[in-house]
Amino acid sequence: MGHRIDDVMKLCCELSANQQIKSTVKGSGKGAAAAGGLAFAGGLMGGPLGIAVGGAVGGLLGCWLTSGQFRPLPQIIMELSPQQQQKLYDDLMVILGDIQWTDLAQLTALVMGNSMLKQQVTAALIGYVSKELQAEVHYMD
């Protein structure tokens, strides 16, 4: 059973790397609060021009506060605890159902070759990261 969990975790890494998905865990709120808070304070002190200045300064502060917190999703997946991996595996096995595979290469080929299945697995992965890890997910260009 352990190699099956490893296969599914590596599949998740492959899917998220392929789609260049990055995530941040509980960091974006600080950046948004800084930008919004300084825009509000600037508006109180300087009117419309204060909003612009406060928003710009707050945006830069927010960027600085959250810099380095966006990490590739494969990195986050590989750092999951065994319990978190088991939960993700259980969630994905609902979608993968009775698919049989012998190794990671076969599993990856089965999922990547079926666009509907690939989409469902990706959606479940993003749902898990958003719900269980309370992280924000971003597609990088």
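The structure displayed is predicted, hence computed values, not measured ones.

Draft legend 1. Structural context of the overall build of the protein. Within the protein, the regular secondary structure consists of six helices and three strands. Secondary structure elements of the protein, listed N to C terminal, follow the sequence α-β-α-β-α-α-α-α-β. Here the contacts in the protein between residues at least 6 apart in sequence split such that 75% fall between residues at least 24 apart. Split by element, the accessible area of the protein, about 7900 Å² in all, is 62% carbon and sulfur.

Draft legend 2. Just the state of the cysteines, in detail. Enumeration over the complete set of coordinates arrives at zero disulfides. In this structure Cys12 is not part of a disulfide, and its nearest cysteine sulfur, from Cys13, lies 7.0 Å away. What makes Cys12 buried here is its relative accessible area of 0%. Under the relative-accessibility criterion, Cys13 is labelled buried at 11%.

Draft legend 3. Geometry of helix H4 (residues 82-96). The terminal C-alpha atoms of H4, which comprises 15 residues, lie 20 Å apart, in line with the 21 Å expected from a rise of 1.5 Å per residue. Where the residues of H4 are buried, they touch helix H1 (2-18), helix H3 (73-78), helix H5 (104-112) and helix H6 (115-132). In the segment just after H4, Gly97 is the residue with positive phi, at about 55°.

Draft legend 4. Inspection of the packing of aromatic side chains at higher detail. According to the stated counting rule, one finds zero aromatic pairs in the structure shown. It is Arg4 that lies over the ring of Trp101; its NZ or CZ is 3.9 Å from the centre.

Cut-offs and rules
Residues numbered from 1 in each chain as written. Predicted model: local features only at pLDDT ≥ 70, side-chain atom pairs only at ≥ 80, totals over all residues. Heavy atoms only, no water. Helix = DSSP H or I, 4+ residues; strand = E, 2+ residues; numbered from the N terminus. Contact = heavy atoms within 4.5 Å. Areas by Shrake-Rupley, 256 points an atom, 1.4 Å probe, with all protein chains shown as cover. Disulfide = S-S within 2.5 Å. Buried < 20%, exposed > 50% of the residue type's maximum accessible area, 1.4 Å probe, protein only. Expected span 1.5 Å × (residues − 1). Phe/Tyr/Trp six-rings, centres within 6.5 Å; stacked < 30°, edge-to-face > 60°. Lys NZ or Arg CZ within 6 Å of the ring centre and 35° of its normal.

Shape descriptors only; they carry no functional weight alone.
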